[in-house]
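# Structure at a glance
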Amino acid sequence: MAVTKTTKLLKVEVYPGDTSKEDYEPFIVVTMEDTWDDPEDDDLPIVKQRVSRKGRVWEPDFPDLKTDISDWPTLAQDIAKKVWRY
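Everything in this summary refers to the structure shown in the same document.

Parameters and conventions
Residues numbered from 1 in each chain as written. Predicted model: local features only at pLDDT ≥ 70, side-chain atom pairs only at ≥ 80, totals over all residues. Heavy atoms only, no water. Helix = DSSP H or I, 4+ residues; strand = E, 2+ residues; numbered from the N terminus. Rg over C-alpha atoms; globule rule 2.2 N^0.38 Å. Buried < 20%, exposed > 50% of the residue type's maximum accessible area, 1.4 Å probe, protein only. Contact = heavy atoms within 4.5 Å. Lys, Arg positive; Asp, Glu negative; His and termini not counted. Charge placed at Lys NZ, Arg CZ, Asp CG, Glu CD. Core = buried A, V, L, I, M, F, W, Y, C linked by side-chain atoms within 4.5 Å.

Looking only at helices and strands, the protein chain features one helix and three strands. Listed by position from the N terminus, the elements making up the protein chain come as β-β-β-α. The globule rule puts the C-alpha radius of gyration for 86 residues at 12 Å, and the 17 Å found for the protein chain is more than 25% above it. With respect to the principal axes defined by its C-alpha atoms, the protein chain has extents near 55 × 25 × 15 Å. Looking at the protein chain as a whole, 27% of its 86 residues qualify as buried. Sequence-distant contacts, at least 24 apart, represent 43% of the contacts inside the protein chain between residues at least 6 apart. Averaging the positions of the 13 positive and the 19 negative side-chain charges in the protein chain gives two centres separated by 7 Å.

Shown next as structure tokens:
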């Protein structure tokens, strides 16, 4: 068999940006749990948590520029798109 990797979304946290600035943007912290497993391997599964923190990319000269969130689970991407108005 092959080793399979599954990712579980544990939590999504939204924090305000630097509110002392007029055009502040919130940032998002996503906590995920990755599991690597192979039923035929006695040393598996391996479980590891990872945290990803990202802020919105905003550049007035490049309005189509967006923060890459493609490595986040779909629900976390949907939340980010609402928070950052993508």
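Here the narrative resumes.
Turning our attention to the nonpolar core. If you look at the biggest cluster of nonpolar residues, it comprises eight residues: Ile 28, Val 30, Met 32, Ile 69, Trp 72, Ala 76, Ala 80 and Trp 84. Of all the secondary-structure elements, those providing two or more residues to this core are β2 (27–37) and α1 (74–83). Element by element, the count of residues in this core is highest for β2, at three residues. Beyond its immediate stretch of four places on either side in the chain, Trp 72 contacts Ile 28, Val 30, Met 32, Ser 52, Lys 54, Gln 77, Ala 80 and Trp 84.

Note that all results are geometric; they support no functional claim without further evidence.
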